[in-house]
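# Reading the structure
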Amino acid sequence: MNKSSTAFLALVLGLVLVACDSSNEQSTASSASSEPTAEVAVTQSPTGSSPDVVTDAAGLTEVVQTYCQVCHNDALRTGNLSLAGFEVENAPDHPQTAERMIRKLRAGMMPPPGMPRPNPETLLALVEEIETRIDEHATANPNPGVRRFQRLTRAEYENSVAQLFDLEIDASRWLPEDTFLGNFNNLSAAQGLSTTLLESYLRAAAEVTRIALGNPDALSVSSKYTNPIHVSQHSWDHLEGTPFGTRGGMVVTHDFPTDGEYVISVETLFGRGLPGHDMDISIDGIGVAQLALAHNGDQSIPIQTKPIYVTAGQHQIAAAFVKRIEGPYEDRLSPFKWSFVGGEDAQQWANYGITALPHLADLMITGPIAAGPVSETRSRNKIFSCYPGSAEEELDCAREIISTIATQAYRRPANEQDLAGPTAFYERYAQNSGFEIGIRTALQSILASPSFLFRLEEQPGDLAPGQQYQLNDIDLASRLSFFLWGTGPDEELRDLASRGTLTNPQTLEAQVQRMLADPRANNLATSFASQWLRLQEAGKNDPEPYLYPDFTGQLKDDMIRETQLFFENLVREDRSLLEIVSADYTFVNERLAEHYGIEGIIGNEFQRVAYTDDNRRGLLGQGSILMLTSMSNRTSPVLRGKWVMEVIMGAPPPPPPPDVPALEATGGVEPGRVLTTRERLEIHRSNPVCNACHQFMDPIGLALDNFDVTGAWRIREDGRELDTSGTYYDGTDINSPLDLNEVLAKRPIPIVRSFTANLLAYAMGRRIEYFDQPTVRKIVKEAEASDYRMSSFILGVVRSDPFQKMQVPVLETDLVAANNEGV
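Thresholds, definitions, all that
Residues numbered from 1 in each chain as written. Predicted model: local features only at pLDDT ≥ 70, side-chain atom pairs only at ≥ 80, totals over all residues. Heavy atoms only, no water. Disulfide = S-S within 2.5 Å. Helix = DSSP H or I, 4+ residues; strand = E, 2+ residues; numbered from the N terminus. Buried < 20%, exposed > 50% of the residue type's maximum accessible area, 1.4 Å probe, protein only. Pairing = 2+ DSSP bridges. Axes fitted to C-alpha atoms, helices over the stretch in contact; angles between N-to-C directions. Phe/Tyr/Trp six-rings, centres within 6.5 Å; stacked < 30°, edge-to-face > 60°. Lys NZ or Arg CZ within 6 Å of the ring centre and 35° of its normal.

## So, the state of the cysteines
Under the defined criterion, the tally for this structure stands at one disulfide. A sulfur-sulfur separation of 2.1 Å characterises the disulfide bridge that pairs Cys386 with Cys397. Residues Cys386 and Cys397 share a disulfide whose torsion about the S-S bond is about 110°; that sign makes it right-handed. Here the residue Cys386 occupies a position in the loop between helix H7 (378–383) and helix H8 (394–410), and Cys397 occupies one in helix H8, the gap between them amounting to 11 residues. For Cys386, a relative accessible area of 17% gives the class buried. Exposure remark for Cys397: the relative accessible area of 6% places this residue in the buried category. Looking at Cys68, it has no disulfide partner, and the nearest cysteine sulfur is the one in Cys71, 8.9 Å off. What makes Cys68 buried here is its relative accessible area of 15%.

Listed below in structure tokens is the structure:
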């Protein structure tokens, strides 16, 4: 093929790709640095490859003109990108374009499969040359970025209240759901303010302080708790928190405002089953009542206890059925593992031949019926560092309490101005309603203060727009504690910050190591990792019960907890990040082990186990990941491939072009047989416009198709043997999850950069921009020396300029003036 024919072929293929390349790539995706040749995701294409290696900048510019500008020119602008006029020598003049090139080249996605491409060594030289020039320019012209103040997320609000008052709350009772931007809900750009939100904060402050101090004048009210329908309550399902020897039921944490008598009522659902069941009621693990449930023919049976005396404070209430038999009943049919499969009507007809046991539907606590004083509680002990013995001592004691709580809540030493408002509230209300009402009102004003709700950082007043400054120690302490713990700094961190020694590199590193050893560092798993891996999507997926009748809500929770424990272990044992694609172990309890086919695990407690099946290595064999990338009734190779590219590799595929039909629009049957998911995908991507994108995603997703919607292993779909073979876009054949993990592990650069970019974004509270990518590459380069251990990434983020520094925002009027002056 001559040169003109090759160019013509490239032009035709470029027109096909125009609708499929990304027009809006995620800014949190990772970029590149100079690592060994063997790890670069570039391979030689069998078509049109050049045998010569080009390494000089001018020659590399010619490579871009020859192989890239065919599609990325002013006429086509494939992917909304034109490389016309781009010169490698002047890459720093076009940093956004250069970073997009780095991302695609490092992932091996450009030039795309089937297009002419230079040899791998030339592609490696190209990406390394661009990186080197961009990074050198960034070193000489650092830019830590701009970020407005953040406000507390729901989880951070809950953690902060626990830190202040030793009180467990559910912030969703008062605060609206957090908004996600990219992968995270703590990015300042998405945290808007509204009148509704401010009213929610005021309501939360009032309720939290009332719960924390108690209320001897509380009126009798009823609080109802409803059991999720997906919680299985079989005769062998023991619910954590209920007494041994019971099954099913419900466990709740209830706030009792005062000492007094309360009535606990339950409502059960009966179906076709055995008459007569006993329900055990316990408070903090101590049995207080046992109710006999008589089946009167109605499906719903309410029943209640006699008044029970309970002290003020938070107590755990458990209601569970007394277990009468171990294991399933001897029915004519084997029961499903989800006891309520099919809904309420299932108890009448769908489970014919199966003993349908009663289910606890609702639990209600009413009281106080007869109120008494407020006993000492954990939260009261935390608040009342002193208690006045006379009226003359009240004001001094109040000032001590207000000062202590305000210092913790505001995450810095409270000054006179900070204390003036809460003290005024105390004096106003204590005068007419007493000491404790005054304290409660003062604490309410603290929780409603912007200094508590917003993470405000001090900016020096003598700097011009665009200038940079180092965060002071107090603000750095707050950033660090919210990054690692999801709450405000503890006393040791505040003390170091107050003395101005936290910014000392040795001190800062020692504090990071101390904080990582603290149990509160599990926040990195429950908050950062859960959002980075999108585990909230797993919680939203409810597999169809008629297809997966053995799937229960408890099993779903176990899957999510498995992934969190896996990440916790990476941080706690300082293991290599690359174990997310290579680990030969995981954490399971009996229920999850049985689902995976792992033998020898007994009980609800999670324990580390070694895989006997190599196909479950790393994250890609964990049920939470497999379920969040599935539909409720079928697997989705497209979603799974897209998730791997976006989350693990940091190289998202292009969004689908408009008016392209969904896979469901593709016929699912042919005469005499049902099509497999693979066959439907092949029909769908027979359109060249669709294939340009699906050629990247589908082989990845198909390699995982032996896992069904719930993550269980299968070899057939609709009775037909699965075909999971495919070709990775670099030309490697992949046929199984093990093959896919090995392909990913051989090319760690996209993985570690994607992780670092996400970690940095979460820590800073803003999106990663193109000017942050040199920082990402620097952190990754330093982490490589320690085999990519978790602590090296965390310390790298904490040491980085974007984490420790800020830039004074440049106002729009300043930009206009600069443009008018020709700057």
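## Side note on the sheet that holds strand E9 (residues 313–322)
On the basis of which strands lie adjacent, the open sheet formed by four strands has the order E3-E9-E5-E6 and antiparallel pairing. The open sheet is flanked by strand E3 (246–256) and strand E6 (286–293), the only strands paired with a single partner. This sheet shows a mean twist of 20° between the axes of neighbouring strands, independent of strand direction. The pairing of strand E5 (residues 277–283) with E6 spans seven bridges and is classified as antiparallel. What sits directly across from Ile283, in E6, is Ile286.

## Here we look at the packing of aromatic side chains
For any pair of aromatic rings, geometry is given as the distance between the ring centres together with the angle between the planes. The full count for this structure, using the stated rule, is 26 aromatic pairs. Ring centres of Tyr426 and Phe435 lie 6.0 Å apart, and the angle between their planes is 75°; this geometry places the pair in the edge-to-face category. On the basis of an interplanar angle of 15° and a centroid distance of 6.2 Å, the ring pair of Tyr788 and Phe793 is categorised as stacked. Among the aromatic residues, those joined into a ring-pair cluster are Phe184, Phe483, Phe528, Trp532, Phe567, Phe755, Tyr762, Tyr788, Phe793 and Phe803. In this structure, Arg520 packs its charged tip against the face of Trp485, placed 3.7 Å from the ring centre. The ring centre of Tyr585 lies 3.8 Å from the NZ or CZ of Arg608, which sits over that ring.

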